[in-house]
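If you want the building blocks of each chain, they are given just below.
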Amino acid sequence: MDKQKIERMHTGKGFIAALDQSGGSTPKALAAYGIGKDAYSNEKEMFDMVHAMRTRIITSKEFDKKHILGAILFEQTMDRDIEGIPTADYLWDKRGVLPFLKVDKGLADLAEGVQIMKPMPDLEALLQRAVQKHIFGTKMRSVIKEANPSGIKKVIDQQFEIGLQIAKHGLIPIIEPEVDIHSPDKAKCEDILKTEIREHIAKLPKDVLIMLKLSIPTQADLYKEFIDHPQVVRVVALSGGYSREEANALLAKNHGMIASFSRALAEDLRAQQSQEEFDKTLSTAIKSIYDASIT
């Protein structure tokens, strides 16, 4: 592990930009950006357009290490170049931003109030490629919708099992058990989740480091003990469907937790904007999320 990079993520001020929309969510991301389905005729053209969108964000003068610690990439983004440089290398060498890779293959059907991750039969090969591409860490998402202890345990068992597999490659796994912000039992879900995470962290080998990506909790500072844990590099928050204004206000109540926003970061960006308009809009979003992340 690169101690300089770990220290940057552990103590640096800023947030993580989530730029990892994949096959299922790409059309929605493009539509929000002002590009409708009539603008592309096949999957290749669609992914070319979303890469152009991500490239525009990453190459903007506003996207820099002063405010941004890391960026989460989709597999295809990792495999592509920006200005002739592999994306992960461009992020670190040109922007000082640590590259992460989304490794999950989506969610299984709802069972016991949760959605665990689908099988990842090609994970080993993907992790080997990630190391070759100079990726710093990974991200994988599950979803919790009900306060079902058995279901929540299955989510965390799976997340930590795969997290250990990822850590063996020298990568920092981001464990992401999202609690649906619309769940009527959100606070109870979070209490059960906290207990499960605590028990799993206690069993980690002492040389393993992880990160946590969690929904902004109903009770402020609920996850403070994880923020202070020596084996947790960082605890980051997902926006989970909140607007940027809502997410920022809630995040600011959680000391030491930083943002890892996707929709909330890009919600006002449009393909039709001039470069000046685009940069100004991105700057407003970045600075507001940064401010909420440094409480």
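Basis of the calculations
Residues numbered from 1 in each chain as written. Predicted model: local features only at pLDDT ≥ 70, side-chain atom pairs only at ≥ 80, totals over all residues. Heavy atoms only, no water. Helix = DSSP H or I, 4+ residues; strand = E, 2+ residues; numbered from the N terminus. Rg over C-alpha atoms; globule rule 2.2 N^0.38 Å. Buried < 20%, exposed > 50% of the residue type's maximum accessible area, 1.4 Å probe, protein only. Contact = heavy atoms within 4.5 Å. Axes fitted to C-alpha atoms, helices over the stretch in contact; angles between N-to-C directions. Parallel < 35°, antiparallel > 145°, perpendicular 65-115°, else oblique. Left-handed = near helix turned anticlockwise from the far one by under 90°. Nonpolar A, V, L, I, M, F, W, Y, C, P; charged D, E, K, R; others polar. 1 Å grid on protein atoms, 1.4 Å probe; cavity = no way out; pocket = protein on both sides within 12 Å on 5 of 7 lines; lining within 4 Å. Points joined across faces, edges and corners; volume = space filled by probe spheres on them. Core = buried A, V, L, I, M, F, W, Y, C linked by side-chain atoms within 4.5 Å. Salt bridge = Lys/Arg side-chain N within 4 Å of Asp/Glu carboxyl O. Arc of directions from axis to C-beta. Polar contact = N/O pair within 3.5 Å; in protein donor to acceptor, adjacent residues only side chain to side chain.

> Can you help me understand the overall build of the chain in this one?
Helix and strand counts for the chain come out as 12 helices and 11 strands. Whereas a compact globule of 295 residues would reach a radius of gyration of roughly 19 Å, the chain reaches 18 Å, a difference of no more than 12%. Projected onto its principal axes, the C-alpha coordinates of the chain cover approximately 50 × 40 × 35 Å. With 295 residues in all, the chain has 56% of them scored as buried. Looking at the chain alone, contacts between residues at least 24 apart form 73% of all its contacts between residues at least 6 apart.

> Got a minute to help me understand the packing of helix α7 (residues 149–167) against helix α8 (residues 186–202) in this structure?
Between two packed helices, both the angle of their axes relative to each other and the distance between the axes serve to describe the pair. The contact between α7 and α8 brings their axes to 10 Å, and the two run at 40 degrees. The orientation of α7 with respect to α8, classified from their angle, is oblique. Judged by the sense of rotation from one axis to the other, the crossing of α7 with α8 is right-handed. Contacts between α7 and α8 involve Pro149, Ile152, Lys153, Ile156, Asp157 and Phe160 on the former and, on the latter, Cys189, Ile192, Leu193, Glu196, Ile197, His200 and Ile201. In terms of residue class, the contact of α7 with α8 is built from 9 nonpolar, 1 polar and 3 charged.

> Please explain the layout of surface pockets as it appears in this structure.
Over the atoms, a rolled probe matching the size of one water molecule traces out where space is still vacant. In this structure, the largest pocket encloses a volume near 1,100 Å³. Residue lining of the largest pocket: 40 residues in total, with Gln21, Ser25, Arg141, Ser262 and Arg263 positioned closest to the centre. For the lining of the largest pocket, the elements supplying multiple residues, two or more each, are α2 (26–32), β7 (137–144), β8 (172–179), β11 (258–261) and α11 (263–266). Grouping the constituent residues of the lining of the largest pocket by class yields 14 nonpolar, 11 polar and 15 charged. Estimates place the volume of the second largest pocket at around 170 Å³. Along the walls of the second largest pocket sit Met1, Asp2, Lys5, Ile6, Val131, His134, Ile135, Phe136, His169, Gly170, Leu171 and Ile172, which together make up its complete lining. A per-class count over the lining of the second largest pocket returns 7 nonpolar, 3 polar and 2 charged.

> What exactly am I supposed to notice about empty space enclosed by the protein here?
Within the structure shown, the criterion is met by 1 cavity of 30 Å³ or more. Of the pockets and cavities examined, the largest cavity occupies roughly 30 Å³. Looking at the largest cavity, the residues that line it are Pro217, Asp221, Leu222, Tyr223, Lys224, Ile227, Asn254, His255 and Met257. The class makeup of the residues in the lining of the largest cavity is 5 nonpolar, 2 polar and 2 charged.

> Explanation requested: the nonpolar core in the structure shown.
If you look at soluble globular proteins, the nonpolar side chains tend to sit buried side by side. With 82 residues, the main nonpolar core has Phe63 and Leu212 as its most contacted residues. Residues in contact with leucine 212, not counting those within four places in the same chain, are Ile174, Ile175, Ile197, Ile201, Phe226, Val232, Arg234, Val235 and Val236. Listed in part, the 16 residues of the second largest apolar core include Ile6, Ile16, Phe136 and Val233.

> Can you walk me through the environment of serine 25 in this structure?
Along the chain, serine 25 turns up in the loop between β1 (15–19) and α2. Judged by relative accessible area, which is 28%, serine 25 ranks as partly exposed. With 98 residues separating them along the chain, serine 25 and leucine 123 place their C-alpha atoms 21 Å apart.

> I keep staring at the pattern of salt bridges and nothing clicks. Help me out?
Charged atoms that come close allow side chains of opposite charge to pair. Tallied over the entire structure, the rule returns 19 salt bridges. Of the charged contacts in the structure, one is a salt bridge between glutamate 176 and lysine 139, with a shortest N-O distance of 3.1 Å. Of this pair, glutamate 176 sits in strand β8 while lysine 139 sits in strand β7, and the two are 37 residues apart along the sequence. Lysine 139 shares its class with glutamate 176; the two are buried. For aspartate 268, the salt bridge identified is with arginine 244, shortest N-O distance 2.9 Å. Of this pair, aspartate 268 sits in the loop between α11 and α12 (275–293) while arginine 244 sits in helix α10 (residues 244–251), and the two are 24 residues apart along the sequence. Residue aspartate 268 is classed as partly exposed on the basis of its relative accessible area, which comes to 35%.

> Which parts of the structure should I look at to understand helix α1 (residues 3–11)?
Every buried residue belonging to α1 is among Lys5, Ile6 and Met9, and all of these are buried. Buried residues of α1, viewed axially, fall in a sector of 100 degrees; they line one side. More than 90 degrees from the buried face of α1, the exposed residues found are Lys3 and Gln4. Packed against the buried residues of α1 are β1, β2 (68–73), α5 (87–95), β5 (98–102), β9 (210–215) and β10 (232–238). Measuring from the side-chain oxygen of the N-cap residue of α1 to the backbone nitrogen of glutamine 4 gives 2.9 Å; that N-cap residue is aspartate 2.

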